[in-house]
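One-letter residues, chain by chain:
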Amino acid sequence: MSGVFNERVYKEVMKIPRGKVATYGQIAALAGKPRNARAVGYALHANPRQGVVPCHRVVFRDGSLAPGFAFGGPEEQRELLENEGVRFIPPAEGKPNAGAEGWRVDLDQCQWEA
DNA sequence: TTGGTGACTTACT
DNA sequence: AAGTAAGCCACCA
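As the structure is a computational prediction, the values presented were derived from the model and not from experiment.

## Comments concerning the protein's contact with DNA strand B
At step 1: Within the structure, DNA strand B sits among Y24, G25, A37, R38, G41, Y42, L44, H45, F60, R61, A66 and F69.
At step 2: At the protein interface, 44% of the atoms of DNA strand B within 4 Å belong to sugar or phosphate.
At step 3: Between a base nitrogen of DNA strand B and a main-chain N or O atom of G41, the distance comes to 2.9 Å.
At step 4: One nitrogen or oxygen atom from the main chain of R61 is found 3.2 Å from a phosphate oxygen belonging to DNA strand B.
At step 5: It is helix α3 (residues 37-45) that contributes the most residues to the surface near DNA strand B, six residues altogether.
At step 6: Residue classes in the surface near DNA strand B are distributed as seven nonpolar, three polar and two charged.

## Considering the protein's contact with DNA strand C
At step 1: Lining the immediate environment of DNA strand C, one finds G3, F5, N6, K33, R35, N36, R38, A39 and Y42.
At step 2: Within the side chain of N36, one N or O atom sits 2.9 Å away from a sugar or linking oxygen of DNA strand C.
At step 3: The side chain of R38 places a nitrogen or oxygen atom 3.0 Å from a base oxygen of DNA strand C.
At step 4: Those elements that place two or more of their residues in the surface near DNA strand C are α1 (4-14) and α3.
At step 5: Sorting elements by how many residues they give to the surface near DNA strand C places α3 first, with three residues.
At step 6: The class makeup of the residues in the surface near DNA strand C is three nonpolar, three polar and three charged.

## What to know about helix α2 (residues 24-31)
At step 1: Buried within α2 we find Y24, I27, A28 and A31. Relative to the axis of α2, the buried residues are bounded by an arc of 100° and lie together on one face.
At step 2: Where α2 is buried, its residues touch α1, β1 (22-23), α3 and β2 (58-59).
At step 3: Directly after α2, the chain includes G32, whose backbone phi takes a positive value near 115°.

Definitions and limits used
- Residues numbered from 1 in each chain as written.
- Chains lettered and ligands numbered in written order.
- Predicted model: local features only at pLDDT ≥ 70, side-chain atom pairs only at ≥ 80, totals over all residues.
- Heavy atoms only, no water.
- Near = heavy atom within 4 Å.
- Polar contact = N/O pair within 3.5 Å; in protein donor to acceptor, adjacent residues only side chain to side chain.
- Helix = DSSP H or I, 4+ residues; strand = E, 2+ residues; numbered from the N terminus.
- Nonpolar A, V, L, I, M, F, W, Y, C, P; charged D, E, K, R; others polar.
- Buried < 20%, exposed > 50% of the residue type's maximum accessible area, 1.4 Å probe, protein only.
- Arc of directions from axis to C-beta.
- Contact = heavy atoms within 4.5 Å.

Laid out in structure tokens, this is it:
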């Protein structure tokens, strides 16, 4: 298994405490490659331990969640994170949200710090 | 081995 | 401010 970096990512992601979230760049840095956020996403894509690795706690640097690729839907992820105590920011005022798209995580409050 | 793709990020226009 | 471009690294064919 040459996927050393991959396992490193899983380990770091599993270390994310409940009610907190981390960005791909953060995980990449913890994994040893601060410029390899892409591989982090790829690693979670190959996520063999879905259910064990809280990939829903990993978000974009912008606070947005992964596109339709999520474990079941952005709505599910939003509710899941919200259930863990993560604070969310609504998409916009006066504009109905077609779902959870547009919802961002409050990184200022809930970004995990190693 | 080489090439191509990708759940990203930063910088420039 | 928003959109486009390039860079980075790991995995698969």
